[in-house]
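# Structure at a glance
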Amino acid sequence: MEQQSREPRRIETTEIMALLPHRYPFLLVDRVLDFEEGKWITAIKNISVNEPCFTGHFPELPIFPGVLIMESLAQTMGVLAFKTHQLEGGEIFYFAGINNARFKKPVLPGDQMKLHIEVIKEMRGVIRFNGVATVDGTVVCEAELMCARRKS
């Protein structure tokens, strides 16, 4: 018996902006390619030469900062968390921790980062997850991260 494939569940920028409180220049998720609530999500961040960080990091050799790669992964998890949970008024997910972060290759203008998140465990409003950022199928960064559900 042939297994039917399902259509990817995309989320475009306007819905991402409805889910996350971030705005330009700090909204670091351009599109969600697919997800399954409470389990995993895959999104993209297009790296443009016009990113504000490149004026100082570094003007002669623009490299997308590692801290912004981490923030991109955390925001991707935030989208999944908001799609998975119904929050009460005033609640938000905060970036809560990073473990075992490794940067494997620089991310440059013109690259498209694919951001993949897999939930490891959720307990008492804290979500632990693995994040992997790739460019053209090559891992550029991986880490275990946490976000926490709290009143704002």
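These lines cover the structure that appears in this document, whether it is placed above or below. Fair warning: this is a prediction, and the values are worked out from it, not measured in the lab. (Residues numbered from 1 in each chain as written. Predicted model: local features only at pLDDT ≥ 70, side-chain atom pairs only at ≥ 80, totals over all residues. Heavy atoms only, no water.)

## Looking at the packing of aromatic side chains
Selection criterion: Stacked, tilted and edge-to-face are the three classes applied to pairs of Phe, Tyr and Trp rings, where Trp contributes its six-membered ring and a pair requires centres within 6.5 Å; stacked means planes under 30 degrees apart, edge-to-face means over 60, and tilted covers the rest. Only runs of H or I of at least four residues qualify as helices and only runs of E of at least two qualify as strands under DSSP, and these elements are numbered from the N terminus. Only protein chains enter the area calculation, which uses a 1.4 Å probe; residues under 20% of their type maximum are buried, those over 50% are exposed, and those in between are partly exposed.
Under the criterion given, the structure shown has 2 aromatic pairs. Taking 6.3 Å as the distance between ring centres and 65° as the angle between the ring planes, the aromatic pair formed by Phe54 and Phe64 counts as edge-to-face. Of this pair, Phe54 sits in the loop between β2 (40–46) and α2 (66–84) while Phe64 sits in the loop between β2 and α2, and the two are 10 residues apart along the sequence. Residue classification places Phe64 among the buried positions, given a relative accessible area of 3%.

## Quick word on α2
This is how it is decided: Here the expected span of a helix is defined as 1.5 Å times the quantity of residues minus one.
In this model, α2 (19 residues) spans 27 Å end to end at C-alpha, consistent with the 27 Å of a helix rising 1.5 Å per residue. For α2, a buried count of 15 out of 19 residues is recorded, marking the element as mostly surrounded by other parts of the structure.

## A short note on unusual backbone geometry
In the segment running from Tyr24 into Pro25, the intervening peptide bond is cis, with an omega of 5°. For the peptide bond that leads from His57 to Phe58, omega is -10°, which places it in the cis range. Looking at the secondary structure, you find Phe58 in the loop between β2 and α2. Despite not being glycine, Asn100 has its phi angle at roughly 55°, a positive value. Structurally, Asn100 can be placed in strand β3 (residues 91–103). Located in the positive-phi region is Asp136, a residue other than glycine, with phi close to 50°. Note that Asp136 resides in the loop between β5 (126–135) and β6 (138–151). Judged by relative accessible area, Asp136 falls into the exposed class, the value being 77%.

## Quick notes on the pattern of salt bridges
Defined as follows: The working definition used for a salt bridge is a side-chain nitrogen of Lys or Arg within 4 Å of a carboxyl oxygen of Asp or Glu.
This structure, assessed with the given rule, holds 9 salt bridges. Residues Glu15 and Lys83 are paired through a salt bridge, measuring 2.7 Å at the closest nitrogen-oxygen approach. Here the residue Glu15 occupies a position in helix α1 (residues 13–19), and Lys83 occupies one in helix α2, the gap between them amounting to 68 residues. Judged by its relative accessible area of 30%, Glu15 falls in the partly exposed class. Classification of Lys83 by relative accessible area gives partly exposed; the value is 29%. Glu51 is the salt-bridge partner of Lys45, the closest N and O atoms lying 3.0 Å from each other.

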